[in-house]
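Take a look at the letters that make up each chain.
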Amino acid sequence: MAPMLAALALLALLPVSEQGPHEKRLLNALLASYNTLERPVANESEPLEVKFGLTLQQIIDVDEKNQLLITNIWLSLEWNDYNLRWNDSDYGGVKDLRITPNKLWKPDVLMYNSADEGFDGTYQTNVVVRNNGSCLYVPPGIFKSTCKIDITWFPFDDQHCDMKFGSWTYDGNQLDLVLKDESGGDLSDFITNGEWYLIGMPGKKNTITYACCPEPYVDVTFTIMIRRRTLYYFFNLIVPCVLISSMALLGFTLPPDSGEKLTLGTYFNCIMFMVASSVVLTVVVLNYHHRTADIHEMPQWIKTVFLQWLPWILRMSRPGKKITRKTIMMTNRMRELELKERSSKSLLANVLDIDDDFRHVPPPPNSTASTGNLGPGTDFRRSFVRPSTMEDVGGLGGHHRELHLILRELQFITARMKKADEEAELISDWKFAAMVVDRFCLFVFTLFTIIATVAVLLSAPHIIVQ
């Protein structure tokens, strides 16, 4: 990165040329007869030397499962194009140009071990061309490369991931790939990774003759050497394992005749059983808490155990309901009395009485009925509502039908209200039962842990000094 920045800074310090018609005339002159397929050398029997380097910006991800390394890298390719030379004095002092790469010949250097869907993950930037024919091409890109990851010593593992670059079609006799920096990749702008520590990135030039072809092929291989940061794993994985192992190893320091080896193992088994039981009972508590009245009915034994006796033992109470032994014994009797009292005072019962009165209205007499001279056995209500004419009877029948409809509506509304109250009460009972089970588990597991711990400590003669 430093040499490339130095080159760019040198270009910036050069005297500013008069751009405009001279640059246009220069481009037309250079590209008029330029062939992008022609290898730009003065002698076709000699290879074109391409200096290759890269700048590692960031290690984005190391995918151990899929054996992949994802990095952000800037490539750097320099070569001399014999067909792109000019005398700057003939073109108004224009010394350099920026030309899109699809109008020029450029080396087809690719990463051999690419795992990218498009294979080439670089962004096609402009090529900086100088008047002496030198070309500088710096394409950035996100590279996804294959890497053989060995996790034998996890989390104290080092990984060496190779990135092999070379020309895809030109052999070594046509294109000679040379390392730009013998020390390897440029790491001056590397962004530190939180999981991996970068050890180095050496580079090496290789000349290989493959079985398919007699010509030698040149490649440049950079090796990204990284080491896993163990601080996170040390505190979250290694330390707990060491503590648990140390507790297990303490049992071997006890005398064989003391019997404490079995006691310590029993203590570990008890703790494991307690943890497993707490998970199961937590599921039961959540199940009780989220039950609804339209799906689950509460059995009588749950009402007796979790709504009466167990809350009384645990000294728990519900809002507006104090749970005592006396209330538990009187609960069933009080519920029956409460139901009878509600039925006797309900509006529905009064409406039913009125309906019953209208159902016993006698048929109309032939003459006008008199309301006087009521005998001692005469019902005052029936005599008062008895019609005197046929028209009155018809009107009374219409009123009776209206009252009957009102009665049915009241019955429906009352039934819905009663059902809603029952569902709300049942849901409240399930939630209270969940609270009772939760409180019961708290007391039981706390007592169990205290008893088990004290029993083990008291039974170990070398822990407590007498």
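Please read all numbers here as calculations on a predicted model, not as lab measurements.

Visitor: Which residues make up the nonpolar core, and what values do they have?
Guide: Counting 49 residues, the largest nonpolar core has Phe52, Trp79, Phe165 and Ile224 as its most contacted members. Among the elements that line this core, the one with the most residues is strand S1 (residues 48-63), at seven residues. Ignoring anything within four residues of it in the chain, the contact list for Phe165 reads Phe52, Leu54, Leu75, Val109, Leu110, Met111, Phe143, Leu177, Asp219, Val220 and Phe222. Among the nonpolar cores identified, the runner-up in size contains 21 residues, and Tyr288, Leu307, Leu310 and Val437 belong to it.

Visitor: Pulling in residues and values, what's your account of the packing of aromatic side chains?
Guide: Under the definition given, this model contains eleven aromatic pairs. Ring plane angle 80° and centroid distance 5.6 Å describe the contact between Tyr112 and Trp168, whose orientation is recorded as edge-to-face. Highlighted residues: Tyr112 in the loop between strand S4 (109-111) and strand S5 (127-130) and Trp168 in the loop between strand S8 (158-167) and strand S9 (175-179), separated in sequence by 56 residues. In this structure Tyr112 comes out as partly exposed when scored by relative accessible area, which is 24%. Arranged with centres 5.1 Å apart and planes meeting at 55°, the rings of Tyr288 and Trp430 form a pair that is tilted. With Tyr288 in helix H4 (residues 260-289) and Trp430 in helix H9 (residues 390-459), this pair connects stretches of sequence that are 142 residues apart. Overall, Tyr288 belongs to the buried group, its relative accessible area being 11%.

Visitor: Give a detailed account of a negative patch on the surface, specifying residues and quantitative values.
Guide: A grouping of Asp421, Glu422, Glu423 and Glu425 is seen on the molecular surface, where their side chains present a negatively charged patch. By relative accessible area, Glu422 is classed as partly exposed at 45%.

Visitor: Pulling in residues and values, what's your account of the side chain of Ser76?
Guide: Tracing the chain through its elements places Ser76 in strand S2 (residues 68-80). With residues near it in sequence (within four places) discarded, Ser76 still touches Lys51, Phe52, Gly53, Leu136, Tyr137 and Lys180.

Definitions and limits used
Residues numbered from 1 in each chain as written. Predicted model: local features only at pLDDT ≥ 70, side-chain atom pairs only at ≥ 80, totals over all residues. Heavy atoms only, no water. Core = buried A, V, L, I, M, F, W, Y, C linked by side-chain atoms within 4.5 Å. Buried < 20%, exposed > 50% of the residue type's maximum accessible area, 1.4 Å probe, protein only. Helix = DSSP H or I, 4+ residues; strand = E, 2+ residues; numbered from the N terminus. Contact = heavy atoms within 4.5 Å. Phe/Tyr/Trp six-rings, centres within 6.5 Å; stacked < 30°, edge-to-face > 60°. Patch = residues over 30% accessible without salt bridge, like charges linked within 9 Å, V, L, I, M, F, W, Y side chains within 5 Å. Areas by Shrake-Rupley, 256 points an atom, 1.4 Å probe, with all protein chains shown as cover. Salt bridge = Lys/Arg side-chain N within 4 Å of Asp/Glu carboxyl O. Lys, Arg positive; Asp, Glu negative; His and termini not counted. Charge placed at Lys NZ, Arg CZ, Asp CG, Glu CD.

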